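# Chain and residue survey
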Amino acid sequence: MPSLTPEAVLALADRHWRVRGEARALPSYADRNFRISGAGGDYVLKVAHPSWSRQDLDLENQAMLTLAALEPALQWPRVMPSVDGEHLLALPMEDGVRHVRLLSFVPGMTYAEAIAGVSPAQRPALHESLGGAVGRLIRGLADFRHPAADRAQDWNLMNLPDLCGEVGHIEDDALRAIVAAQVEPFCAKLPAWRGQLPITVLHNDANDLNVIVALDGKGGGQVDAVIDFGDMCTSFRLCELAIACTYAMQHEADPVACAQAIVRGCLTLCPLQRAELQQLHAFIVARLCHSVLMATRAHREQPGNPFVLVSQQGVRALLRERVDVAPEAIVGPFLETCHE
């Protein structure tokens, strides 16, 4: 990736968006991201990694534009048009042409950062607001279509069978047995579910680092935004809810109550089918297994990288707990009401 200085970033922002201020680099897995702070507000200038195609990035942009128009109650990142009216520019860099775009900076704390500041009494309200955000994602993208939405995506739960070969590489014997016992029946049911459960375009990554929370200073907080659209794909609508539950549950002593509040908040805005709710437990467990297998593959391919397993402690602890919980523990109260 090109070595961009803050001065070069500011020159790009001024030339193409008439945005001025101070620039500083933001952490990013592959892209080059810079926060620009100025009198007109804060923005993020994103220089995409060469592996991202123009269609991939346009998918994200169009989804954010759609959600901003249809679900304005949340602070989706706003896609800023250039002086030429374009949302995505191909600009020459020192090592080739790169796609560049400018988004509004979404203020607030990530869910993972904010949860410690929310009192136990206020957490159910936070969980319901997370469910509401999921409902807005599902509702806002219900009619969304894009040519790149059907792209292959590693984190698409429909592609879990592609990771089955990693089960044997899980070093922990007990964990390996759990994953094997859960993944095989889930994958076997995928063909039938494709014909039974709603399929749509998803954000697909409402995890605790992509959900933004606004704290009220009184021990409470509300979900204010969802960011990072890089894992978008076409998959089961239920995945959106399962993913949000999976990551929020890891922060709670009573994960079932947490998930029930998330489901309640989602169903208030976006009813789901009874058949979907009945499979929520299976999808949560499958997402946990998916995370374990993705981390196992990354660790095998990058054994010297200490960061690929950093997030696994919570994932693996929750997986061990969930396999002994009744499948309808979360959704039992909702099976006769609040669904399509």
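The structure contained in this document is the topic of the report that follows. Since the model is a prediction, treat every value here as computed from it, not as a measurement.

### Quick word on the packing of helix H2 (residues 54-70) against helix H4 (residues 123-140)
Axis separation between H2 and H4 bottoms out at 10 Å; the angle between their running directions is 110°. With respect to H4, the axis of H2 lies roughly perpendicular. From H2, Thr-66, Leu-67 and Leu-70 reach across to H4, where they touch Arg-136, Leu-137 and Gly-140.

### With respect to the pattern of salt bridges
Tallying each qualifying case throughout the model produces 15 salt bridges. A salt bridge links Arg-20 to Asp-14; its shortest N-O distance comes to 3.1 Å. Across the pair Glu-252 and Arg-123 runs a salt bridge, and its minimum N-O distance is 3.0 Å. With a gap of 129 residues between them, Glu-252 in the loop between helix H6 (238-249) and helix H7 (255-269) and Arg-123 in helix H4 connect regions that are remote in the sequence. A relative accessible area of 17% means that Arg-123 is categorised as buried. One continuous salt-bridge network, built from bridges that share partners, spans Glu-71, Arg-136 and Arg-139.

### Focus: the nonpolar core
In this structure, Leu-160, Val-179, Leu-241, Leu-280, Phe-283, Leu-319 and Ile-330 are the most contacted members of the largest nonpolar core, which totals 85 residues. Counting residues in hydrophobic clusters, the runner-up holds 18 residues, among them Val-19, Tyr-43, Leu-45 and Leu-102.

### Overview of the environment of Leu-57
Relative to the helices and strands, Leu-57 resides in helix H2. When the C-alpha positions of Leu-57 and Leu-209 are compared, they lie 20 Å apart, and in sequence the two are 152 residues distant.

### Points about the sheet that holds strand E1 (residues 22-26)
One open sheet accounts for 5 strands, arranged E1-E2-E3-E5-E4; its pairing is antiparallel. Each of the sheet's edge strands pairs with one partner strand only, and the pair in question is E1 and strand E4 (89-93). Each strand of the sheet is rotated relative to its neighbour by a mean of 30°, with strand direction disregarded. Where strand E2 (residues 32-38) lies against strand E3 (residues 41-47), 7 bridges are found, and the strand directions are antiparallel. Bridging from a neighbouring strand, Ser-37 pairs with Asp-42 of E3. Running over the sheet, H2 touches E4 and strand E5 (96-104) and is turned about 10° from E5.

### Some thoughts on the pairing of E5
Consecutive side chains along a regular strand alternate between the two faces of the sheet. Counting buried residues along E5, 7 of its 9 residues qualify, which places the element largely inside the surrounding structure. Here E4 pairs with E5 via 5 bridges, running antiparallel. Paired with Met-93 across the bridge in E5 is Gly-96. The antiparallel pairing of E4 with E5 creates a hairpin that spans 2 residues between the two strands.

### So, the state of the cysteines
Across all of its chains, the model carries 0 disulfides by this definition. Sulfur of Cys-239: no disulfide; nearest cysteine sulfur belongs to Cys-233 and is 7.1 Å away. Not engaged in a disulfide, the cysteine Cys-270 finds its nearest cysteine sulfur in Cys-266; these two sulfurs lie 5.5 Å apart.

### A short note on H6
Compared with an ideal rise of 1.5 Å per residue, which puts 12 residues at 16 Å, H6 spans 17 Å between its outermost C-alpha atoms and is within 8% of the ideal. With respect to burial, H6 is a largely interior element, 12 of its 12 residues being buried. Along H6, the residues that are buried comprise Leu-238, Cys-239, Glu-240, Leu-241, Ala-242, Ile-243, Ala-244, Cys-245, Thr-246, Tyr-247, Ala-248 and Met-249.

What counts, and at which threshold
- Throughout, residues of each chain are indexed from 1 in the direction in which the sequence is written.
- Reporting of local features is limited, given that this is a predicted model, to residues whose pLDDT is at least 70; pairs of side-chain atoms are given and counted only at 80 or more, and all residues count toward the totals for whole chains, interfaces and linings.
- Side-chain numbers here rest on the full set of heavy atoms in the structure, without hydrogens or water.
- Orientation is described by axes fitted as lines to C-alpha atoms, over the contacting stretch for helices, and by angles from 0 to 180 degrees between their N-to-C directions.
- Runs of E in the DSSP output that reach at least two residues are strands. Runs of H or I that reach at least four are helices, and both are numbered from the N terminus.
- An angle below 35 degrees is read as roughly parallel, one above 145 as roughly antiparallel, one from 65 to 115 as roughly perpendicular, and any other as oblique.
- We call two residues contacting when some pair of their heavy atoms lies within 4.5 Å.
- For this document, the term salt bridge refers to a Lys or Arg side-chain nitrogen within 4 Å of an Asp or Glu carboxyl oxygen.
- When a residue's accessible area, from a 1.4 Å probe over protein chains only, is under 20% of the maximum for its type it is buried; when over 50% it is exposed; and in between it is partly exposed.
- In these notes, a set of buried Ala, Val, Leu, Ile, Met, Phe, Trp, Tyr and Cys residues joined through side-chain atoms within 4.5 Å is what counts as a nonpolar core.
- Only strands joined by at least two bridges in the DSSP assignment are considered to pair.
- Cysteine sulfur atoms are paired as a disulfide whenever they fall within 2.5 Å.
- In this scheme, a helix's expected span is set at 1.5 Å multiplied by one less than its residue total.

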